[in-house]
Amino acid sequence: MKKAVLILLFITFSMFANEVKCKIEYERIYCTYLINRSDNENGKKVTFYWYSPTGNDDRVRTFEVPPYYGSVYDYRYLPGREKGKWRVVVKDLDTNKSAETSFVIECENEEFFEE
């Protein structure tokens, strides 16, 4: 019974060990890739792929994550971004594993410049 519980916990933890989360804050969109520190003994290279709703504002950036760090983030300024559903995929270049999330931009760009 204990073995089954430990295996279930390991599987659950493994599913959430590497994930990407995005939040909109202070006129920026922050996307953070969370890494299991024990899987990052030698450092990693990861690539953020930003997919805009129409493909006109896509972006790709690669980062080096120092050993034993547990996260890395990228951000975009919100003003000037098109409305609709965005998708962010982060690929670990060492393991070829990827994590993905999406978010929706609903507001008009002018709203951010009003006093």
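Everything below is about the structure printed above this text.
Residues numbered from 1 in each chain as written. Predicted model: local features only at pLDDT ≥ 70, side-chain atom pairs only at ≥ 80, totals over all residues. Heavy atoms only, no water.

Chemist: Can you explain the overall build of the protein? Please cite residues and give values.
Modeler: In terms of regular secondary structure, the protein is built from 1 helix and 7 strands. Along the protein, helices (α) and strands (β) appear in the sequence α-β-β-β-β-β-β-β when read from the amino end. As presented, the protein carries roughly 7900 Å² of accessible surface, and 52% of it is formed by carbon and sulfur atoms. (Helix = DSSP H or I, 4+ residues; strand = E, 2+ residues; numbered from the N terminus. Areas by Shrake-Rupley, 256 points an atom, 1.4 Å probe, with all protein chains shown as cover.)

Chemist: Tell me about the environment of glycine 43, residues and numbers included.
Modeler: Residue position: glycine 43 is located in the loop between β2 (28-34) and β3 (44-51). In the structure, glycine 43 is positioned 25 residues away from tyrosine 68 in sequence and 6.8 Å away in space, judged by C-alpha atoms. Apart from residues no more than four positions distant in its own chain, glycine 43 is found in contact with Val65, Pro66, Pro67 and Asp94. (Contact = heavy atoms within 4.5 Å.)

Chemist: I'd like to hear about the sheet that holds strand β1 (residues 19-25), residue by residue, with values.
Modeler: Adjacent strands of a sheet pair through backbone hydrogen bonds, lying either parallel or antiparallel. Within the open sheet, the 3 strands sit side by side as β1-β2-β5. Their pairing is antiparallel. With one partner strand each, in any of the chains shown, β1 and β5 (71-77) form the two edges of the open sheet. Looking at each pair of strands side by side, their axes are set apart by 20 degrees on average, direction ignored. Relative to β2, β1 runs antiparallel, the two being bridged by 7 bridges. Bridge pairing in β2 places lysine 23 opposite tyrosine 30. (Pairing = 2+ DSSP bridges. Axes fitted to C-alpha atoms, helices over the stretch in contact; angles between N-to-C directions.)

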